[in-house]
Amino acid sequence: MSSLQTELPPELANNAIRLYRECLRRAKYIGQKQFKKHMHETNPEKIQNLKDDAARGLINHMLYESENLSGRKFNKSSST
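Residues numbered from 1 in each chain as written. Predicted model: local features only at pLDDT ≥ 70, side-chain atom pairs only at ≥ 80, totals over all residues. Heavy atoms only, no water.

## Points about the overall build of the protein chain
Logical step 1: Counting its secondary structure elements, the protein chain contains 3 helices and 0 strands.
Logical step 2: Taken from the N to the C terminus, the helices and strands of the protein chain come in the order α-α-α.
Logical step 3: Taking all 80 residues of the protein chain together, the buried fraction comes to 16%.
Logical step 4: Considering only contacts within the protein chain whose residues lie at least 6 apart along the sequence, 61% involve residues at least 24 apart.
Logical step 5: If you sum the accessible surface of the protein chain, you get close to 6,900 Å²; carbon and sulfur atoms cover 55% of it. (Helix = DSSP H or I, 4+ residues; strand = E, 2+ residues; numbered from the N terminus. Buried < 20%, exposed > 50% of the residue type's maximum accessible area, 1.4 Å probe, protein only. Contact = heavy atoms within 4.5 Å. Areas by Shrake-Rupley, 256 points an atom, 1.4 Å probe, with all protein chains shown as cover.)

## Concerning the pattern of salt bridges
Logical step 1: Summed over all chains, the structure comprises 1 salt bridge.
Logical step 2: A salt bridge links R56 to D53; the shortest N-O distance between them is 2.7 Å. Of this pair, R56 and D53 are both found in helix α3 (residues 44–70), 3 residues apart, which corresponds to roughly one turn of the helix.
Logical step 3: Given a relative accessible area of 43%, D53 falls into the partly exposed group. (Salt bridge = Lys/Arg side-chain N within 4 Å of Asp/Glu carboxyl O.)

## So, the confidence of the model for the protein chain
Logical step 1: Taken as a whole, the protein chain shows an average pLDDT of 75; of its residues, 76% reach a score of 70 or greater.
Logical step 2: Taken element by element, the protein chain is modelled with least confidence in helix α1 (residues 10–13), mean pLDDT 71, and with most confidence in α3, mean pLDDT 82. (pLDDT = per-residue confidence, 0-100.)

## Comments concerning the environment of M62
Logical step 1: Secondary-structure assignment places M62 in helix α3.
Logical step 2: M62 sits 36 residues away from R26 along the chain, and the two C-alpha atoms are 7.9 Å apart.

## Here's the deal with α3
Because an α-helix packs 3.6 residues into every turn, residues spaced three or four apart end up facing the same way.
Logical step 1: In this model α3 runs 39 Å from its N-terminal to its C-terminal C-alpha over 27 residues, within 8% of the 39 Å that 1.5 Å per residue would give.
Logical step 2: When α3 is considered as a whole, its buried residues turn out to be H61, M62, S66 and E67.
Logical step 3: Structurally, the start of α3 carries an N-cap: the backbone nitrogen of E45 is 2.9 Å from a side-chain oxygen of N43.
Logical step 4: Phi for G71, located one or two positions after α3, is positive at around 80°. (Expected span 1.5 Å × (residues − 1). Polar contact = N/O pair within 3.5 Å; in protein donor to acceptor, adjacent residues only side chain to side chain.)

What follows is the structure, encoded as structure tokens:
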């Protein structure tokens, strides 16, 4: 199983503190509105889907900005 860490720029991937801070910053930026919008949801299946969507959005946003920082494109598919 390959690590998603290899998809990040080395200056971010190789520094745990920077990676941690970046994850927190992005989670706050992306998730704040969505979590508030759905905070009264009680259906466990829908809650799981919302959590999956949040995780996918966070990864996609990180890859998007990593492409902008590094100037290189990442594969759309992780399975080859």
